[in-house]
Amino acid sequence: MEIIDVDMKVKLIHGFSNKTRIQILESIKVKEKTVSQIVEEINGNQSNISQHLACLKDCGIIVGRNEGKYIYYSLRNQQISDLLSMFDAVLEDVENDISCCNRQID
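Residues numbered from 1 in each chain as written. Predicted model: local features only at pLDDT ≥ 70, side-chain atom pairs only at ≥ 80, totals over all residues. Heavy atoms only, no water.

S.K.: What exactly am I supposed to notice about the overall build of the chain here?
M.R.: Broken down by element type, the chain carries five helices and two strands. For the chain, the C-alpha atoms occupy an extent of roughly 45 × 35 × 25 Å along the three principal directions. Per-residue burial over the chain gives 27% buried out of 106 residues. Accessible area of the chain: about 8,100 Å², with a carbon and sulfur share of 50%. (Helix = DSSP H or I, 4+ residues; strand = E, 2+ residues; numbered from the N terminus. Buried < 20%, exposed > 50% of the residue type's maximum accessible area, 1.4 Å probe, protein only. Areas by Shrake-Rupley, 256 points an atom, 1.4 Å probe, with all protein chains shown as cover.)

Put into structure tokens, the structure is as follows:
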């Protein structure tokens, strides 16, 4: 069995650890979108969304495709979509516990 680099795992999970990044991922889960489309859908500002897109791209979670003057963002692969769905399934199971949790761990 291959040993997983914990630091790399933390970097990957960091990509999923922000509300705006999760909103972006959910926005592009089914269909690729431009920054402007994402900004409009999640009611964000372009600068902030662009920074989060860069983080997601650097973490290898999303990819960008150039078409003319636009970049279309999408999830890297089906595994990322499956992981988002898995988060939803786990959340359904532990939602009550999470809503009662007041701890903040760094």
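S.K.: I tried to follow the layout of surface pockets on my own but got confused; where do I start?
M.R.: Each pocket or cavity is described by its volume, and for the largest pocket that value is around 320 Å³. Around the largest pocket, the lining residues are Ile13, Phe16, Ser17, Ile22, Glu26, Leu84, Phe87, Asp88, Val90, Leu91, Val94 and Ile98. Within the residue set of the lining of the largest pocket, elements represented by two or more residues are helix 2 (19-27) and helix 5 (78-100). For the lining of the largest pocket, the element with the highest residue contribution is helix 5, accounting for seven residues. Split into classes, the residues belonging to the lining of the largest pocket amount to nine nonpolar, one polar and two charged. Its volume calculated, the second largest pocket comes out at about 160 Å³. Forming the boundary of the second largest pocket are Ile4, Asp5, Met8, Lys9, Lys11, Leu12 and Cys59. Of the residues contributing to the lining of the second largest pocket, the split by class is four nonpolar, no polar and three charged. (1 Å grid on protein atoms, 1.4 Å probe; cavity = no way out; pocket = protein on both sides within 12 Å on 5 of 7 lines; lining within 4 Å. Points joined across faces, edges and corners; volume = space filled by probe spheres on them. Nonpolar A, V, L, I, M, F, W, Y, C, P; charged D, E, K, R; others polar.)

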